[in-house]
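# Analysis of the macromolecular model
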Amino acid sequence: MNTTQYSESWNGVTKFIHWTFVLIILTMAIVGLTMEDIESPGTKIAVIAFHKSLGITALALAAFRLVWRLISKDPPKIPSIPTWQHLIAKITHALIYVFLFIMPISGWVMNSAKGYPLQWFKLFNIPAITAKNPHLADVAHEIHESAFWVLTALIVMHVGAAFYHHIFQRDATLKRMLP
Ligand code: HEM
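Described below are features of the structure shown in this document. If you're wondering where the values come from, they're calculated on a predicted model, not measured in any experiment. (Residues numbered from 1 in each chain as written. Predicted model: local features only at pLDDT ≥ 70, side-chain atom pairs only at ≥ 80, totals over all residues. Heavy atoms only, no water.)

### A short note on the coordination of the iron atom of the ligand
- Every protein donor of the iron atom of the ligand is accounted for by His51 (NE2) and His144 (NE2), and the metal-donor separations fall at 2.0 Å.
- Considering all 6 donor atoms around the iron atom of the ligand, angles at the metal cover 85 to 180° and the coordination shape is octahedral. You can see His51 sitting in helix α2 (residues 41-71) and its partner His144 sitting in helix α4 (residues 134-169), a full 93 residues away along the chain. (Donors = N, O, S within 2.8 Å, 3.2 Å for Na, K, Ca; no water. Tetrahedral: all angles 85-135°; square planar, octahedral: opposite > 155°, others 65-115°. Helix = DSSP H or I, 4+ residues; strand = E, 2+ residues; numbered from the N terminus.)

Here it is in structure tokens:
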């Protein structure tokens, strides 16, 4: 299959959301996995506040992506891709969306249940979504941590599939999402 065939691109907004998510998730993963070990208390508080602000941004972006999905048109399916592969891709994408909601919501619940304040980049306060509850905070923390590794596995599959299509199938799967 030559790569110029069936290469109608994703629209600009979808590409923008996609690559913004790549940057956000990468940043959130690095910050989330390292922030607990920061020794200076002032820096640690600032970095955790940044993690929370960017996480709330990710939640808003995930909600916007869903709305955008409903009102925008996807490019046509690449005909050379078998239906079963297309189905697996659809399921993987749906699961990635689910986990893009689980991550920030579990973080928000954990923060609220711990009774911690929440501000968006020091600009405004965001209300708690649960009352203070140490047990719920522990459960939300477990979910936040485990869901991250499930999301990571899904992203590895997703990126692996994109490269498999590009390198071995030589179709336009990856090219049509590039900026
Ligand atoms: C896409 C969104 C998010 C991603 C990918 C993400 C990722 C992570 C990761 C990987 C960790 C380390 C987990 C561990 O090893 O314990 C973490 C910890 C944490 N996250 Fe998030 N997070 C997100 C959103 C949020 C939001 C919205 C909040 C709060 C409003 C939040 C609050 C926290 C807190 C407080 C911790 C530290 C938990 C602790 O060890 O006490 N996160 N996050």
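### Considering the packing of α2 against helix α3 (residues 83-113)
- It is at 9 Å that the axes of α2 and α3 come closest, and there the two elements cross at 145°. Handedness of the α2/α3 crossing: left-handed. On α3, the residues touching Lys52, Gly55, Ile56, Leu59, Ala62, Ala63, Arg65, Leu66 and Arg69 of α2 are Lys90, Tyr97, Leu100, Phe101, Pro104, Ile105, Trp108 and Asn111.
- Residue composition of the contact of α2 with α3, by class: 11 nonpolar, 2 polar and 4 charged. (Axes fitted to C-alpha atoms, helices over the stretch in contact; angles between N-to-C directions. Left-handed = near helix turned anticlockwise from the far one by under 90°. Contact = heavy atoms within 4.5 Å. Nonpolar A, V, L, I, M, F, W, Y, C, P; charged D, E, K, R; others polar.)

### Observations concerning the layout of surface pockets
- Size it by volume and the largest pocket reaches roughly 1500 Å³.
- Within the residue set of the lining of the largest pocket, elements represented by two or more residues are α1 (12-34), α2, α3 and α4.
- Counting residues per element, the lining of the largest pocket draws most heavily on α4, at 13 residues.
- Reported here for the second largest pocket is a volume of approximately 910 Å³. (1 Å grid on protein atoms, 1.4 Å probe; cavity = no way out; pocket = protein on both sides within 12 Å on 5 of 7 lines; lining within 4 Å. Points joined across faces, edges and corners; volume = space filled by probe spheres on them.)

### Focus on the site of the ligand
- Near the ligand lie 22 residues; those nearest to it are Gly32, His51, Lys114, His141 and His144.
- At 2.8 Å, a side-chain N or O of His51 approaches a nitrogen atom of the ligand.
- Side-chain polar atom of His141 to an oxygen atom of the ligand: 3.1 Å apart, as the coordinates give it.
- When atoms are counted within 2 Å of each cavity's grid points, the one that captures over half of the ligand is the second largest pocket.
- Those elements giving two or more residues to the shell around the ligand turn out to be α1, α2, α3 and α4.
- Residue composition of the shell around the ligand, by class: 12 nonpolar, 6 polar and 4 charged. (Near = heavy atom within 4 Å. Polar contact = N/O pair within 3.5 Å; in protein donor to acceptor, adjacent residues only side chain to side chain. Sits in = over half its atoms within 2 Å of the grid points.)

### A look at a nonpolar patch on the surface
- A cluster of nonpolar side chains, contributed by Val159, Phe163, Tyr164, Ile167 and Phe168, occupies part of the molecular surface with about 500 Å² of accessible area.
- Tracing the sequence through the fold places Phe163 in helix α4. (Patch = residues over 30% accessible without salt bridge, like charges linked within 9 Å, V, L, I, M, F, W, Y side chains within 5 Å. Areas by Shrake-Rupley, 256 points an atom, 1.4 Å probe, with all protein chains shown as cover. Salt bridge = Lys/Arg side-chain N within 4 Å of Asp/Glu carboxyl O.)

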